[in-house]
Every structure is written in C-alpha cells, then in structure tokens.
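# Overview (structure and organization)
Chain by chain, the residues:
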Amino acid sequence: MHPEIRKIVTYDEEVLIEGFRSATEPWRMFAVAAVVRNPWSGRYVEDLTPEIRAYGPVLGEMLTKRMIMLAGGGDRIEAYGKAAVVGLDGEVEHASGLIHTLRFGNHYREAVQAKSYLAFTNTRGGANAAIMVPLMDKNDAGRRSHYLTIQFAIPDAPRADEIVVVLGAATSGRPHHRIGDRYQDLKDLGHDVDNPAAV
C-alpha cells in the first residue's frame with residue numbers, strides 16, 4: 001500500500017518590506033504540498049489505520065526532505081506547521097488522519113530538532129481552496145513573534161477524491177515583532193503557563 005501522489009507543489013516567499021519598513025533580513029516562509037489520492041473517498045470506512053500507517057511515513061519523509069532542502073538545513077527553520085485539505089468527496093477525518101500521526105510528523109520534528117507540537121489545520125474544500133498553514137516556534141510555544149500563517153492555493157487541487165498534505169516553515173519570526181510573548185501576560189495575571197485561564 002503506497003500513496004498515489006499526483007503532484008508536488010512548492011510555495012516560497014520572501015518579504016523584504018513589512019509595515020512600510022525594510023526587514024533587516026528577508027522574512028521567509030515556505031511550504032511543500034503533496035496532492036494525494038484519497039483512499040477513502042466517496043464511502044464511509046470505519047478503520048482508517050492501515051492507510052494511515054502506510055501513508056504517514058512515506059509522506060512525512062518525502063515532504064521533510066524537501067523542506068530541509070528548501071531551508072538549507074534543519075537548523076535554519078525556526079517556526080513550523082502542517083495542514084491538510086480534503087476534497088469534497090472526503091471527510092475532514094481523512095485530512096486529519098494523514099497528518100495527525102507521529103508516523104508523519106516525527107520525520108519533520110526530528111529533522112529540525114523540535115520540541116513543540118506542530119501547529120495544524122485540517123479542512124475540506126474544492127480545487128483552489130485556501131491552504132492555511134499555521135506556524136509556531138519549533139521549541140517555544142509561547143513565542144508570539146513566530147505565530148505565523150502561510151496561505152496559498154493550488155488551482156487544480158484538491159480534486160473531489162484527493163487530499164492535499166502540507167508542511168510549512170519560516171526561517172524567522174515577524175520582522176518587526178513588538179507585541180511581546182505570552183509569558184509576560186501570564187506573569188501580569190498571576191496565572192500558570194499550564195493553566196493560562198486559571199480555570
């Protein structure tokens with residue numbers, strides 16, 4: 001059992017001016033997407049495990065290798081995330097299944113030496129649907145400078161029977177970050193990092 005990949009799409013942007021001010025260094029965000037045939041399309045399947053276990057490692061390894069090549073090394077990646085968009089003949093559960101498995105995400109996590117969980121979205125849409133890849137610092141979930149979102153679309157994907165599986169990254173946070181990190185809020189409120197709402 002092997003994923004049927006129709007195409008691979010790379011998105012890469014460098015922002016030189018943000019907020020009417022030049023960035024000291026280009027603010028770079030990029031992603032790699034695999035357009036995969038949905039093995040569960042058009043029907044209800046109770047057990048998704050066989051395909052998840054078969055597809056996860058293949059997609060995780062392939063997309064991670066391409067991300068590391070784009071970055072110029074895992075150490076260059078500071079923020080990371082993942083996303084999946086399932087076509088209209090599939091369930092959001094199908095999108096979730098392919099990215100919410102350690103067999104997929106751990107390839108990326110290990111390659112960039114990350115401690116944080118991978119920020120994510122899993123949605124359903126037709127061809128040219130917005131693909132939103134949320135990012136966060138790979139080691140510090142409270143570092144707001146690295147709360148970012150990559151947005152792009154693929155004109156012919158996902159087809160109704162496809163899933164777009166994506167990894168994303170940034171080599172830095174926002175160029176002119178000035179809203180602070182969540183730790184100061186927690187300190188000011190007298191709340192704990194593990195229970196920020198004190199409930």
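Please refer to the structure placed before this passage.
Residues numbered from 1 in each chain as written. Predicted model: local features only at pLDDT ≥ 70, side-chain atom pairs only at ≥ 80, totals over all residues. Heavy atoms only, no water.

When two helices pack together, you describe them by how their axes are tilted relative to each other and by the distance separating the axes. Viewed as axis vectors pointing N to C, helix 1 (residues 49-71) and helix 3 (residues 102-111) meet at an angle of 25°, and their least axial separation amounts to 6 Å. By the criterion of interaxial angle, the relationship of helix 1 to helix 3 is roughly parallel. Crossing handedness for the pair helix 1 and helix 3: right-handed. Along its contact with helix 1, which presents R53, G56, P57, L59, G60, E61, L63, T64, M67 and I68, the element helix 3 presents R103, F104, H107, Y108 and A111. Split by residue class, the contact of helix 1 with helix 3 holds 8 nonpolar, 4 polar and 3 charged. (Axes fitted to C-alpha atoms, helices over the stretch in contact; angles between N-to-C directions. Helix = DSSP H or I, 4+ residues; strand = E, 2+ residues; numbered from the N terminus. Parallel < 35°, antiparallel > 145°, perpendicular 65-115°, else oblique. Left-handed = near helix turned anticlockwise from the far one by under 90°. Contact = heavy atoms within 4.5 Å. Nonpolar A, V, L, I, M, F, W, Y, C, P; charged D, E, K, R; others polar.)

Turning our eyes to something else, we now look at the packing of aromatic side chains. If you walk through the whole model with that rule in mind, you get 2 aromatic pairs. Taking 5.1 Å as the distance between ring centres and 10° as the angle between the ring planes, the aromatic pair formed by Y11 and F152 counts as stacked. Taken together, the positions of Y11 in strand 1 (residues 5-18) and F152 in strand 6 (residues 148-152) put the pair 141 residues apart, joining distant regions of the chain. Classification of Y11 by relative accessible area gives partly exposed; the value is 21%. With 5.4 Å between their ring centres and 55° between their planes, Y80 and Y108 make a pair best called tilted. Of this pair, Y80 sits in strand 3 (residues 79-86) while Y108 sits in helix 3; the two residues are 28 residues apart in sequence, bridging distant segments of the chain. (Phe/Tyr/Trp six-rings, centres within 6.5 Å; stacked < 30°, edge-to-face > 60°. Buried < 20%, exposed > 50% of the residue type's maximum accessible area, 1.4 Å probe, protein only.)

Let's shift gears to unusual backbone geometry. Geometrically, the link from A157 to P158 is a cis peptide bond, its omega value of 0° lying close to zero. As for its placement among the helices and strands, P158 is situated in the loop between strand 6 and strand 7 (162-170). With a phi close to 70°, F20 is a non-glycine residue in the positive phi region. Following the sequence through the fold, F20 ends up in the loop between strand 1 and strand 2 (21-37). Given a relative accessible area of 87%, F20 falls into the exposed group. The phi torsion at A198 lies on the positive side, around 50°, for a residue other than glycine. With respect to the secondary-structure elements, A198 resides in the segment after helix 4 (182-189). The partly exposed category is assigned to A198, whose relative accessible area is 45%.

So, on to the environment of L48. Among the secondary structure elements, L48 is positioned in the loop between strand 2 and helix 1. Taking the relative accessible area as the measure of exposure, L48 reaches 11% and is therefore buried. Sequence separation between L48 and P26 is 22 residues, and the spatial gap between their C-alpha atoms is 42 Å. For L48, the contacting residues outside a window of four places in its chain are W40, E93 and H94.

As a further point, take the nonpolar core. Counting 31 residues, the largest nonpolar core has L59, L63, I77, Y108 and V165 as the members making the most contacts within it. Secondary structure elements with two or more residues in this core: strand 2, helix 1, strand 3, helix 2 (92-99), helix 3 and strand 7. If you tally residues by element for this core, the top one is helix 1, at 8 residues. The contacts of V165, once residues within four sequence positions are left out, are V32, A33, A34, L59, L63, A83, L98, I99 and F104. Residues V85, I150, V164 and A170 belong to the second largest nonpolar core, which totals 22 residues. (Core = buried A, V, L, I, M, F, W, Y, C linked by side-chain atoms within 4.5 Å.)

Without other data, these values stay purely geometric and don't point to any function.
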